[in-house]
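# Inside the fold
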Amino acid sequence: MSTDSSQTHPSAGLRTGLALVALGVVFGDIGTSPLYALRESIRHLPEADRVAGVLGILSLIFWSLLVVVSGKYLAFVTRADNRGEGGIFALLALARIETPGTKGRAIGLGTIFILFGACMLCGEGVITPAISVLSATEGLSLIAPATTPWIIPIACAILALIFWFQSRGSQAIGRVYGPVMLIWFISLGALGAWQIWQTPVVLQALNPWHGWVLLREHPAEITALLGGIVLAITGVEAIYADMGHFGRRAISLAWYGVALPGLALNYFGQGAYVIGQAGMVENPFLAIAPAGVIRLFILVLSILAAVIASQAMISGTFSLIRSAIQL
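Notes on the structure in this doc start here. (Residues numbered from 1 in each chain as written. Predicted model: local features only at pLDDT ≥ 70, side-chain atom pairs only at ≥ 80, totals over all residues. Heavy atoms only, no water.)

### Concerning the overall build of the protein chain
As a reminder, the rule being used: What counts as a helix is a DSSP run of H or I of at least four residues, what counts as a strand is a run of E of at least two, and both are numbered from the N terminus. The rule is simple: take the accessible area with a 1.4 Å probe, protein chains only, and divide by the maximum for that residue type; under 20% is buried, over 50% is exposed, in between is partly exposed. Here a residue-residue contact requires only that any non-hydrogen atoms of the pair lie within 4.5 Å. Per-residue and other accessible areas follow the Shrake-Rupley method at a 1.4 Å probe size, with only the shown protein chains counted as cover for residues.
Summing up its helical and strand segments, the protein chain has 16 helices and zero strands in all. Of all 327 residues assigned to the protein chain, the portion counted as buried reaches 47%. Put simply, 82% of the contacts in the protein chain that link residues at least 6 apart link residues at least 24 apart. Carbon and sulfur atoms form 69% of the exposed surface of the protein chain, whose accessible area is close to 15,900 Å².

Next comes the structure, spelled out in structure tokens:
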């Protein structure tokens, strides 16, 4: 039963506690997108006008977060619940694919799209652990270049441990998901705010016109650019899938109170750093952290966040397949 049902009105303390847990479970995946989203996007920028290109990408990322996450999901999709429950197969129940009074089962175009969405989610469950963990461990090459040949073996070892632990249940580690992700989002925002303070010109990207200009002037790179931009909103479907566990209000509190500010500040901070550099920045996420103990702390924290995002995605994929079998 959803905590947002008309019969249940959770207290502010309970809602805050649910919001804290939701940071790890619901926003664990999208919370690790700063590890790679901006880096992959700027690779397709022409060197001629780096500042305009970065402003355009930041504008597209920022407005994607607002339109897709805040607008599409929190304001619209989460209202299509099935007795408080969300998820792909809640849509199947709402679609009423079994027509009353008939023995047959009507499979319409809408059902096909719903099943296609379930397949896409399973595909993301395969990709997300690998790209998140690998992107986090790649930061080792910036701190200790001698470890570069060992990055892939280390990432594979971490992934093996994740799946080994996942098969034994995640109840124990689940208790620390929320607090770790809270520290993660606060760190993201702090690092980004420091870079924005040094290069405030990056705030021009709040204007969506920069994103439109980027796509208009580089039509040949639109597919590649948007392919990088969409990495910033991977895992957003967890908002709908986990709505029955946390409730719409708690998820909204976690998003607007912690996740969105942290992500926006970090993306803009990375963009500010790239604008301030003459050449290509290999790892803008880790580069904005001061060298030394702070950078090492962010590296370790990013690996923990990648592990949390991976386990949340694996659990979600497992739940999806189990629901399909039961259905």
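From this point, things continue past the structure.
### Here we look at the nonpolar core
Heads up, the rule is: The nonpolar core is taken to be a set of buried Ala, Val, Leu, Ile, Met, Phe, Trp, Tyr and Cys residues, with the residues joined through side-chain atoms within 4.5 Å.
Ranked by internal contacts, the top residues of the largest apolar core, which has 81 residues, are F27, L65 and W255. Of all the elements, helix α14 (residues 248-276) adds the most residues to this core, at 13 residues. The residues contacting W255, other than those within four sequence positions of it, are F27, I30, L65, V69, S70, L74, L260, P261 and L263. L92, A118, M313 and L320 belong to the second largest nonpolar core, which has seven residues in total.

### Brief notes about the side chain of T78
We apply this condition: Two N or O atoms form a polar contact when they lie within 3.5 Å of each other; inside protein one atom must be a possible hydrogen donor and the other a possible acceptor, and for residues adjacent in sequence the pair counts only when both atoms belong to side chains.
Residue position: T78 is located in the loop between α4 (50-74) and α5 (88-95). For T78, the side chain forms a polar contact with the side chain of R248, separated by 2.9 Å. Among residues more than four places away in sequence, those in contact with T78 are Y73, I239, Y240, M243 and R248.

### A short note on the packing of aromatic side chains
This is how the line gets drawn: Here a Phe, Tyr or Trp ring, Trp counted by its six-membered ring, pairs with any other such ring whose centre lies within 6.5 Å, and the pair is stacked when the planes are under 30 degrees apart, edge-to-face when over 60, and tilted otherwise.
Across all of its chains, the model carries four aromatic pairs by this definition. One aromatic cluster in this structure is built from F62, W63 and F268.

### Observations regarding helix α1 (residues 12-25)
The test is simple: Here the expected span of a helix is defined as 1.5 Å times the quantity of residues minus one.
The end-to-end C-alpha distance of α1, which contains 14 residues, comes to 20 Å, matching closely the 20 Å that a straight helix rising 1.5 Å per residue would cover. All of the buried residues in α1 are L18, A19, A22, L23 and G24.

### Digging into the packing of α4 against α14
Spelled out, the test is: Throughout, an axis means a line fitted to C-alpha atoms (over the contacting stretch in the case of helices), and angles, computed between N-to-C directions, take values from 0 to 180 degrees. Here roughly perpendicular refers to angles of 65 to 115 degrees, roughly parallel to angles under 35, roughly antiparallel to angles over 145, and oblique to all remaining angles.
Packing of α4 against α14 brings their axes to within 10 Å, and their N-to-C directions diverge by 175°. Taken together, the axes of α4 and α14 are roughly antiparallel relative to one another.

### Observations concerning the packing of helix α6 (residues 109-137) against helix α8 (residues 151-166)
The cut-off we apply is this: Handedness of a helix crossing follows the sense of rotation of the near helix relative to the far helix, less than a right angle counterclockwise being left-handed and clockwise being right-handed.
Two elements in contact, α6 and α8, have axes separated by 9 Å at closest approach and are oriented at 135°. Compared by their axis directions, α6 and α8 come out oblique. The handedness of the crossing between α6 and α8 comes out as right-handed. On α8, the residues that touch P129, A130, V133, L134 and T137 of α6 are I151, I152, I154, A155, I158, L159 and I162.

### Focus on the pattern of salt bridges
Between side chains of opposite charge, a pair can form as their charged atoms come close. To keep things clear, this is the line we draw: Definition used for salt bridges: Asp or Glu carboxyl oxygen within 4 Å of a side-chain nitrogen of Lys or Arg.
This structure, assessed with the given rule, holds five salt bridges. A salt bridge links E138 to R39, with the shortest nitrogen-to-oxygen separation between them at 2.8 Å. Pair noted here: E138 is in the loop between α6 and α7 (140-143) and R39 is in helix α3 (residues 37-42), with a separation of 99 residues, a long-range link. You can call E138 partly exposed: its relative accessible area is 26%. The network of salt bridges with common partners includes R39, E40, R43, E138 and E282.

### A closer look at a nonpolar patch on the surface
Heads up, the condition is: In this scheme, patches are assembled from residues that exceed 30% relative accessible area and form no salt bridge. Like charges are connected within 9 Å, while nonpolar side chains (Val, Leu, Ile, Met, Phe, Trp, Tyr) are connected within 5 Å.
Side chains of L142, I143, L296, V300 and L304 sit close together on the surface and give an oily, nonpolar patch of about 400 Å² of accessible area. Contributions of two or more residues to the nonpolar patch are made by α7 and α16 (293-326). Looking at which element gives the most residues to the nonpolar patch, the answer is α16, with three residues. Along the chain, V300 turns up in helix α16.

### Regarding the side chain of S187
With respect to the helices and strands, the residue S187 is situated in helix α9 (residues 171-198). Look at S187 and you get buried, because its relative accessible area is 13%. Only 2.8 Å separates the side chain of S187 from the backbone oxygen of I183, close enough to count as a polar contact. When sequence neighbours within four positions are dropped, the list of residues in contact with S187 reads F297, I298 and L301.

### Some words on the environment of G110
If you trace the backbone, G110 turns up in helix α6. For G110 and L92, which are 18 residues apart along the polypeptide, the C-alpha to C-alpha distance reads 8.8 Å.

### Points about the environment of P290
Residue placement: P290 occurs in the loop between α15 (284-287) and α16. Residues P290 and L191, spaced 99 residues apart in sequence, show a C-alpha to C-alpha distance of 8.9 Å. If near-sequence neighbours (up to four positions away) are discounted, P290 is found in contact with L191 and R295.

### Some thoughts on the state of the cysteines
Heads up, the condition is: Note on disulfides: each one is a pair of cysteine sulfur atoms within 2.5 Å.
Counting across every chain of the model gives zero disulfides. Free of any disulfide, C119 has its nearest cysteine sulfur in C122, 6.4 Å distant.

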